[in-house]
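Close look at the chain arrangement
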Amino acid sequence: MADLFKPITETMLMGPGPSCVPAAVYEALARPTIGHLDPRFIALMDEIKALLRGVIGTRNDLTLPISGTGSAGMETCFVNLVEPGDRVLVLVNGVFGTRMADVAGRLRAEVDTLEFEWGTPVRVDAVREKLADGPYAIVAVVHAETSTGVCNPVAEVGQLVAPTGALYLVDTVTSLGGMPVAMDAWSCDALYSGTQKCLSCPPGLAPVSFSPKAVEKLKARGTKVPNWYLDLTLITSYWGGEKRSYHHTAPINMLYGLYAALQCIDREGLESVFRRHREAHEQLVAGLGQLGLEMLVEPAARLPMLNAVCVPDDVDEAAVRKSLLEEHDIEIGAGLGPLAGKIWRIGLMGHTARAENVARLIAAMKSVLG
Ligand SMILES: Cc1ncc(COP(=O)(O)O)c(C=O)c1O
């Protein structure tokens, strides 16, 4: 039988996620599996919750990792907070805002979208005007839109949403662990993320946090949460309180990995982690500029961890990605939707965001582009 592991080398992951995984996380993943109700495991769960609160910037009691990828985090927020007929406003400027609107619509919410050109940020004045059409039960936005490399003004939008009484829901799948996320300061009520980007843990878990106001809405529901697996009223009986009871078998080793990943960030310190991302981004933009390549997004709205680079007219974008992967063992991402074929997406997420990695990519790009 062929050994399919044999040809797998350690590719430098510079796409939109997953990112490179540090050795400490791989070691944690390989630790002996123990029972999901073992007191040693419960202690680890509590520590994960505390570390997550630190990176998320919250004091919310209901803060935990959902078993599933970032999309499971998105579903968790909507499925627990939306009741049929609720008016939901989604701010859309890329793939993941579009997905949020789809998820809310499937729950029979009355979904309203406010659209912005892909590659540009959400405009606060337009949100202010739109909120006058309310009241909305939920207003949702993506912090770091991975499909375009745009950072949305989530703090400013939060200030507008808070006085309306709507719950404010923010996607931080790409931003968490790579740039400041301040859930409480943003007046954010529901937030989700994923492990495979700036947290530098393999894909498989989705940190989620609910404010007391979101928990109130969850408790006051007139209908059952329509998804058993993601029902936080049930999951919290395993993740919180004195006596823990079985809901589903937690992915033990993935949680070891997340614990190790959060410890790495804690030891390095958030400020220095953010600085490392910013510096890698600046180095990348300068290096690409020397190769004559331009960025899609205006400087003020650029994300450090997801860089959308315009493909020159005379260059075959897919051929460049193929050569980078096959000849240099470097993965970068393609554009999505209307940006397919027009941009490359270069990720500098978590453990990947290092000067030596950027230098290696620039040298490889130079050789591939001739
Ligand atoms: C901003 C954003 N939201 C949600 C998701 C969905 O996460 P996953 O692919 O882990 O399900 C992604 C994935 O790239 C993302 O970038």
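Presented here is a report on the structure given in the accompanying data block. Just so you know, these numbers come straight off a predicted model, no measurement behind them. (Residues numbered from 1 in each chain as written. Predicted model: local features only at pLDDT ≥ 70, side-chain atom pairs only at ≥ 80, totals over all residues. Heavy atoms only, no water.)

Scanning the protein chain for helices and strands turns up 12 helices and 13 strands. Compactness check: the protein chain gives a C-alpha radius of gyration of 21 Å against a globular reference of 21 Å for 370 residues, within 12% of the reference. Relative to its 370 residues, the protein chain shows a buried fraction of 56%. Pairs at least 24 apart in sequence give 72% of the contacts found in the protein chain among residues at least 6 apart. (Helix = DSSP H or I, 4+ residues; strand = E, 2+ residues; numbered from the N terminus. Rg over C-alpha atoms; globule rule 2.2 N^0.38 Å. Buried < 20%, exposed > 50% of the residue type's maximum accessible area, 1.4 Å probe, protein only. Contact = heavy atoms within 4.5 Å.)

Spatially, four strands are ordered E1-E12-E13-E11 in an open sheet, and the strand pairing comes out mixed. Strands with a single pairing partner mark the edges of an open sheet, and in this sheet they are strand E1 (12-14) and strand E11 (306-310). Averaged over all pairs of adjacent strands, the angle between their axes in this sheet comes to 30°, without regard to strand direction. In this sheet, strand E12 (residues 330-334) lies alongside E1 in parallel orientation, the contact comprising three bridges. Directly across from leucine 13, in E12, lies its bridge partner glutamate 331. In the packing of helix H10 (residues 270-290) onto the sheet, contacts are made with E11 and strand E13 (343-347), and the angle to E11 comes to roughly 10°. (Pairing = 2+ DSSP bridges. Axes fitted to C-alpha atoms, helices over the stretch in contact; angles between N-to-C directions.)

Negative phi is the rule for most residues except glycine; trans is the rule for most peptide bonds. A cis amide bond, omega 5°, links glycine 17 with the succeeding residue proline 18. Take proline 18: it is sitting in the loop between E1 and helix H1 (23-29). Backbone geometry places serine 187, a non-glycine residue, at a positive phi of 55°. Looking at the element boundaries, serine 187 is found in the loop between strand E8 (167-171) and strand E9 (190-192). Unusually for a residue other than glycine, serine 200 sits at a positive phi of about 60°. Among the structural elements, serine 200 can be located in the loop between E9 and strand E10 (205-210).

Our next topic: the sheet that holds E9. An order of E2-E10-E9-E8-E5-E3-E4 is seen for the seven strands of this open sheet, with the pairing classed as mixed. For this open sheet the edge positions go to strand E2 (62-67) and strand E4 (110-115), each flanked by a neighbour on one side alone. Averaged over neighbouring strand pairs, the angle between their axes works out to 20° when direction is ignored.

So, about the pattern of salt bridges. Inspection of every chain in the model, using the stated rule, returns 15 salt bridges. Notably, a salt bridge pairs arginine 244 with aspartate 46, separated by 2.9 Å at the nearest N-O pair. Taken together, the positions of arginine 244 in the loop between helix H8 (232-239) and helix H9 (252-268) and aspartate 46 in helix H2 (residues 39-56) put the pair 198 residues apart, joining distant regions of the chain. As a salt-bridge pair, arginine 123 and aspartate 125 come within 3.6 Å of each other at their nearest N and O atoms. Residue class for arginine 123 comes out partly exposed when judged on its relative accessible area of 47%. With a relative accessible area of 43%, aspartate 125 lands in the partly exposed category. A cluster of three or more residues bridged by salt bridges with shared partners is formed by Arg87, Glu110, Asp112, Lys130 and Asp133. (Salt bridge = Lys/Arg side-chain N within 4 Å of Asp/Glu carboxyl O.)

Below, the discussion takes up the environment of alanine 319. With respect to the helices and strands, alanine 319 occurs in helix H11 (residues 317-328). Under the relative-accessibility criterion, alanine 319 is labelled partly exposed at 33%. Through-space distance from the C-alpha of alanine 319 to that of leucine 369 is 10.0 Å; in sequence the pair is 50 residues apart.

Quick look at the environment of tyrosine 192 now. If you trace the backbone, tyrosine 192 turns up in strand E9. Judged by its relative accessible area of 0%, tyrosine 192 falls in the buried class. The spatial distance from the C-alpha of tyrosine 192 to the C-alpha of serine 209 is 6.6 Å, given a sequence separation of 17 residues. Apart from residues no more than four positions distant in its own chain, tyrosine 192 is found in contact with Gly70, Gly73, Met74, Cys77, Met100, Leu169, Val170, Asp171, Thr172, Val173, Pro207 and Val208.

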